[in-house]
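# Structure assessment
Below, each chain spelled out in residue letters.
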Amino acid sequence: MFRDNPPSSANRVTSLLPFMPALVIVAACGGSAEAGSAGDAGALDGPDIALDPQTEEVYTVGALEGEDWETFGNVSDVAFDDDGNLFLLDRDAGHIVMFSPTGEFVRTIGQQGDGPGELAGPLGLALMPGDRVVVFDFAKQGFQVFTTGGEFVESVALDPQEGLPGRELLVTPSGRLATHGGIRMSFNSDGGGLEEPVGRPIETFGLDGSRNVVYTAWESPPPEDEDEAELSGEGGRIQLRMQQTIAFEPGLHLGILPDGRMAVADSVGYRVKLLRDGTVVSTLERPVVPTVVDESIEEMERERRLAQLEEGGGSGRMMVVSASGGSGGNISVGRDQINEMMRGQIEGMGFAPEIPVIEDLAVDREGRIWVQRAGPMPGEDGPTDIITADGRYLGTIDADGLRIPAAFGPDGLVAYIERDELEVQRVRVARLQRDGELETGR
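Everything numeric in this text was worked out from a predicted model, so none of it was measured.

## So, the overall build of the chain
- Each helix and strand in the chain was counted, giving two helices and 36 strands.
- Expressed as a percentage of its 442 residues, the buried residues of the chain come to 50%.
- A sequence separation of at least 24 residues applies to 56% of the contacts in the chain between residues at least 6 apart.
- Entry remark: accessible area of the chain is about 19,700 Å², with carbon and sulfur atoms responsible for 45%.

## Section: the packing of aromatic side chains
- Counting across every chain of the model gives eight aromatic pairs.
- Look at W69 and F99: their rings are 5.8 Å apart centre to centre, the planes differ by 65°, and that puts the pair in the edge-to-face class. With a gap of 30 residues between them, W69 in the loop between β2 (55-61) and β3 (75-80) and F99 in strand β5 (residues 95-99) connect regions that are remote in the sequence.
- Residue F99 is classed as buried on the basis of its relative accessible area of 0%.
- Between the aromatic rings of F248 and F351, the centroid separation amounts to 6.2 Å while the plane-to-plane angle is 40°, which identifies the pairing as tilted. Highlighted residues: F248 in the loop between β21 (246-247) and β22 (253-256) and F351 in strand β28 (residues 350-351), separated in sequence by 103 residues. Side by side, F248 and F351 carry an identical accessibility label, which is buried.
- Feature note: the residues F136, F138, F143 and F205 constitute an aromatic cluster, connected by ring pairs.

## Regarding the sheet that holds strand β36 (residues 425-432)
- Strand order in this open sheet of four strands is β2-β36-β35-β34, and the pairing throughout is antiparallel. Edge positions in the open sheet fall to β2 and β34 (407-408), since each of these has one partner strand only.
- Bridge analysis of β34 against strand β35 (residues 413-419) gives two bridges, and the strand direction is antiparallel. For A407, the partnering residue across the bridge sits in β35 and is A415.

## Brief notes about the pattern of salt bridges
- Taken as a whole and judged by the stated rule, the model has 21 salt bridges.
- For E310, the salt bridge goes to R343, with nearest N and O atoms at 2.9 Å. Linking E310 in helix α1 (residues 295-310) with R343 in helix α2 (residues 335-347), this pair joins segments that are 33 residues apart in sequence.
- Salt-bridge contacts for E418 lead to R428; the nearest nitrogen and oxygen are separated by 2.9 Å. Note that E418 is positioned in strand β35 and R428 in strand β36, a separation of 10 residues in sequence.
- One network of salt bridges, in which partners are shared, links D48, R286, R373 and D385.

## Regarding unusual backbone geometry
- You will see that D411, though not glycine, has its phi angle at about 55°, which is positive.
- Within the secondary structure, D411 is located in the loop between β34 and β35.
- Backbone geometry places E423, a non-glycine residue, at a positive phi of 65°.
- Within the secondary structure, E423 sits in the loop between β35 and β36.
- Residue classification places E423 among the exposed residues on the basis of a relative accessible area of 53%.

Analysis parameters
Residues numbered from 1 in each chain as written. Predicted model: local features only at pLDDT ≥ 70, side-chain atom pairs only at ≥ 80, totals over all residues. Heavy atoms only, no water. Helix = DSSP H or I, 4+ residues; strand = E, 2+ residues; numbered from the N terminus. Buried < 20%, exposed > 50% of the residue type's maximum accessible area, 1.4 Å probe, protein only. Contact = heavy atoms within 4.5 Å. Areas by Shrake-Rupley, 256 points an atom, 1.4 Å probe, with all protein chains shown as cover. Phe/Tyr/Trp six-rings, centres within 6.5 Å; stacked < 30°, edge-to-face > 60°. Pairing = 2+ DSSP bridges. Salt bridge = Lys/Arg side-chain N within 4 Å of Asp/Glu carboxyl O.

Printed below as a string of structure tokens:
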């Protein structure tokens, strides 16, 4: 998921839940089988308390047939501005689509291409202070900056040998872009390649082209096994060096609090670290026990990933070592070769001993931290906790309830990137209803 968290006043962190309905307490005397029950209800170490937030639909955009702006190719990111306008990055179409707070089409921003103000390989979107729309364009190795009115402002070049951003761009109160999961390109006598950074750095980028590593997250030991493969296709051949795929490695999840602190989850257990200026200042924990990986879970995960591959998904970490083409241009490799290589990766993958507790994390505009827990089995959804940076546990949304949205907007707006029954991509915008306020300190 991709989220933009515009700055807001620090005192909103301790506010109540103005867009959440009243609690339904179902675990005050018992507790979840996953969460501990040593503490009092409403405490981080206490049992789960059920939240059942309700939403009202506002609008849905995206169609099988229609205008160019509403037949989406691949929506890779969405973000709201402070007025509730929605900005949607269509990666395949190479443009941004802007909608009003009630869902009316306003304009497209940018177009596909290699020239100034055009997008060649857009990945991430962010809305900056001063009515600036920023897109990270991997093909152009930098940021493309527009106004919300659709005018092209500038192109900000980044040094690929120093490092490029990841797909998720989060806006800090200081006006920088926080990200993780980027790559570094290395160039040598054997050709160019992609190089993964040492550790898992969390970085910030400025629109002046500056880059700072603010924190290096915990990383599990790298796999010992490594394979090489050579694929041939139109234009030449490409050599790949692939680390063994390891299932259930802890993810790296990041959110930005209104006061500039970062909420980071990078562990197997339920631990959310709060960072200020790259230093861990506190840790929020709940006694949720990770699921131990046994042979049945391993088999389920292999089958799940193989099914995803057959449906067009992918798996495994690959790194380009060298490539040569007869004409010096792009090399086109058949999908059958790639799928066969990836199938071998899945069948021979390794497994971490436990499934990490935290599957996703986000910070909403009120400064609340949404923590999605892993489901009991591979591919199953888990519940979502709502906690605050000062250590208050506000409740848990059931696995079948509201999910973490792709973007949070003002006045309770949330956006979800979905597909309908015909696999047509669409974006659904809803609003959290004002049915009551959550009282804390129970």
